Amino acid sequence: MILQTAQDTKFYRRQRAIDPIHLLDTLLEVLACQKKVDVSLLHRHYMAKHHKISYAAFYEQLSKDAFVQWLRLLLARALTTLWSQYWEGFSALWSFFDDVRVHDGSSWAINDSLKEKLPGRFSKTCPAAMAIHTTFSLFKGQICQLQMAAYAESEHHFFPYAETGVLYLFDAGYVNQAELERFAQADAFYLTRGRSNLNPYVLHDHMRNRQVNKSLKEMVLKKGKNYDFQVKQKDGEYRLLLLWNPQTCCHVRFMTNVPLAYLSAKSLGKVYRLRWQVELYFKELKSFSGVGRLLSSNQNIIEGLVWASLLTCTLRRFLVLSAQQTKRLSTHKAARSSASFFPGFLKAWRETGAQAFTNLFQYLRQVMTFSNPKKPNAFTPFGEGKVLS
């Protein structure tokens, strides 16, 4: 598949000094084990592990458009095949939804010389920056949709494709009532933080089972009380949840079209906590997959290495999640200790094939368990075996 995708994207037209398989091996190993990555580091590693090639020729290959297209195609194919069920501990949500997906974005600074092509939002402190807008599947433990852009572009341009029967979790920055209504029309579900200036027309109070028929600002909301309203705005109807936060002493607002018969307001508040899983993914990607410290002034090299970083993270998470049996394994611990097993696995994979997976899985089951086995399961916010209410 590696050679075929290289040929399909015209990155590998004829026999050259740079072999796509050797180059991918170099990218995966360096990005998994090094915090700062530049072309010279990749070049030295390639020559040490494979064969000699001049720096100029190596740089020229990585600066081509085909390099970006090749890695993007590899990642797309990997995301469709390299996944293992991530959230097995609590199956009640799967009786309501085909999947629960978290949509969010993350950004990082790049070389200032790219400020014209990839501008950031802060021209003085961070003139050049890029961002990825991802949809993270809690069922698979991997991203399933991905868009890359300059950080200066608005989040509203990168809403995910709505799939029927899927629950999407959004942050407040992505709130766009017209887009949310499009999700509802596609028979998809959404749960998102609402802005503090929301003022819809309240039709019904579900918790107290009574008609309201007044705007939200006209109502007196009591401290320490939760509310579950059916509201109406110009783009349609939805549920507005006001959940009391005792730490901040204010109501947290959520917008959703999940039916009341599926989940209560309190349960939806617990489901929304699962949005933190995508932040853990971003932490793993930026701190332990090289994407946060890519040192180059060439746009193609930067974009290509971002796709390679995502591919590295995808492969590593697949290996850890596939090794899980009776005990959950920590993807964070595996990311931090990649140097202890990732290079050896890549070498064994080239030499022994499937046997490398068997040996690696045994190692991961012994070493990558959670440090505190009695820690509550982060995947089951309602508790094991409890019924949603």
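Residues numbered from 1 in each chain as written. Predicted model: local features only at pLDDT ≥ 70, side-chain atom pairs only at ≥ 80, totals over all residues. Heavy atoms only, no water.

Next up on the list: the overall build of the protein chain. The secondary structure content of the protein chain amounts to 12 helices and 13 strands. Taking 21 Å as the expected radius of gyration for a compact globule of 389 residues, we find that the protein chain reaches 23 Å, a close match to that expectation. C-alpha atoms of the protein chain, sized along the principal axes, occupy 75 × 50 × 35 Å. The proportion of buried residues among the 389 residues of the protein chain is 51%. In the protein chain, once contacts between residues fewer than 6 apart in sequence are set aside, the share between residues at least 24 apart is 62%. When the accessible area of the protein chain is evaluated, it comes to approximately 18,600 Å², of which 49% is carbon and sulfur surface. The protein chain carries 51 positive and 30 negative side-chain charges, and their two centres are separated by 7 Å. (Helix = DSSP H or I, 4+ residues; strand = E, 2+ residues; numbered from the N terminus. Rg over C-alpha atoms; globule rule 2.2 N^0.38 Å. Buried < 20%, exposed > 50% of the residue type's maximum accessible area, 1.4 Å probe, protein only. Contact = heavy atoms within 4.5 Å. Areas by Shrake-Rupley, 256 points an atom, 1.4 Å probe, with all protein chains shown as cover. Lys, Arg positive; Asp, Glu negative; His and termini not counted. Charge placed at Lys NZ, Arg CZ, Asp CG, Glu CD.)

The next thing to look at is the packing of aromatic side chains. Under the definition given, this model contains 25 aromatic pairs. Plain terms: the ring middles of Phe170 and Phe183 are 5.6 Å apart, the flat faces sit at 85° to each other, and that makes the pair edge-to-face. In this pair, Phe170 is assigned in strand 6 (residues 166–170) and Phe183 in helix 6 (residues 177–185), connecting sequence segments 13 residues apart. Under the relative-accessibility criterion, Phe170 is labelled buried at 0%. Ring centres 5.8 Å apart and planes at 50° place the aromatic pair Phe189 and Tyr262 in the tilted group. (Phe/Tyr/Trp six-rings, centres within 6.5 Å; stacked < 30°, edge-to-face > 60°.)

Another point: the pattern of salt bridges. Scanning the model with the defined rule gives 14 salt bridges in all. Close ionic contact of Arg182 with Glu179 constitutes a salt bridge, the shortest N to O distance being 2.6 Å. On the criterion of helical spacing, the pair formed by Arg182 and Glu179 is a turn pair, its members being 3 residues apart in helix 6. Its relative accessible area of 21% is what places Glu179 among the partly exposed residues. (Salt bridge = Lys/Arg side-chain N within 4 Å of Asp/Glu carboxyl O.)

Moving on, we come to the packing of helix 2 (residues 20–33) against helix 5 (residues 65–81). The packing of two helices is summarised by the inter-axis angle and the distance between the axes. Interhelical geometry of helix 2 versus helix 5 gives an angle of 75° and a closest axis separation of 13 Å. The orientation of helix 2 relative to helix 5 falls into the category roughly perpendicular. On helix 5, the residues that touch Pro20, Leu23, Leu24 and Leu27 of helix 2 are Phe67, Trp70, Leu71 and Leu74. (Axes fitted to C-alpha atoms, helices over the stretch in contact; angles between N-to-C directions. Parallel < 35°, antiparallel > 145°, perpendicular 65-115°, else oblique.)

Turning to the nonpolar core, a few remarks are in order. Counting 91 residues, the largest nonpolar core has Leu23, Leu310 and Leu364 as the members making the most contacts within it. With 14 residues, the top contributor of residues to this core is helix 9 (residues 299–323). Sequence-distant contacts of Leu23, that is, excluding residues within four places in its chain, are made with Phe11, Ile18, Tyr46, Phe58, Leu62, Phe67 and Trp70. Formed by 23 residues, the second largest nonpolar core is a distinct cluster that contains Tyr190, Val202, Tyr227 and Val231. (Core = buried A, V, L, I, M, F, W, Y, C linked by side-chain atoms within 4.5 Å.)

We now examine the packing of helix 3 (residues 39–49) against helix 4 (residues 55–62). Direction vectors running N to C along helix 3 and helix 4 enclose 115°, while the axes themselves pass 10 Å from each other. The handedness of the crossing between helix 3 and helix 4 comes out as right-handed. Side by side, helix 3 and helix 4 meet where Val39, Ser40, Leu42, His43 and Tyr46 of the first sit next to Tyr55, Phe58, Tyr59 and Leu62 of the second. A per-class count over the contact of helix 3 with helix 4 returns 7 nonpolar, 2 polar and no charged. (Left-handed = near helix turned anticlockwise from the far one by under 90°. Nonpolar A, V, L, I, M, F, W, Y, C, P; charged D, E, K, R; others polar.)

The subject of this paragraph is the environment of Gly120. As for its position among the elements, Gly120 is in strand 3 (residues 119–122). Using a relative accessible area of 15% as the deciding quantity, one classes Gly120 as buried. The spatial distance from the C-alpha of Gly120 to the C-alpha of Ala131 is 9.1 Å, given a sequence separation of 11 residues. Leave out the neighbours within four places in its chain, and Gly120 touches Cys126, Pro127, Ala128, Ala129, Tyr151 and Ala152.

In the predicted model, the protein chain carries a mean pLDDT of 87, and 93% of its residues have values of at least 70. Overall, residues 378–389 carries pLDDT values under 50, and its contacts beyond four positions in sequence, including any with other chains, amount to 32 contacts. (pLDDT = per-residue confidence, 0-100.)

Let us look at a positive patch on the surface. Together, Lys35, Lys36, Lys283, Arg293 and Arg336 make up a positively charged patch on the protein surface. Its location among the elements puts Lys36 in the loop between helix 2 and strand 1 (37–38). (Patch = residues over 30% accessible without salt bridge, like charges linked within 9 Å, V, L, I, M, F, W, Y side chains within 5 Å.)

Structurally, Thr26 is set in helix 2. Setting aside chain neighbours within four positions, we find Thr26 in contact with Leu42, His45, Tyr46 and His50.

Another point: unusual backbone geometry. Positive phi outside glycine occurs at Lys10, with the angle close to 65°. You will see that Asn209, though not glycine, has its phi angle at about 50°, which is positive. For Asn209, the location among the structural elements is in the loop between strand 8 (201–205) and strand 9 (210–215). Judged by its relative accessible area of 61%, Asn209 is exposed.

Looking now at the pairing of strand 6. Counting buried positions over the 5 residues of strand 6 gives 5, a clear majority of the element. In strand 6, alternate side chains face the same way, and those of Val166, Tyr168 and Phe170 on one face and Leu167 and Leu169 on the other are all buried. In the sheet, strand 2 (residues 99–109) pairs with strand 6 via 5 bridges, with the strands oriented parallel. The residue of strand 6 that forms the bridge with Val102 is Leu169. Crossover handedness for the path strand 6 to helix 6 to strand 7 (residues 189–193): right-handed. (Pairing = 2+ DSSP bridges. Right-handed = clockwise from strand over helix to strand, strands pointing away.)

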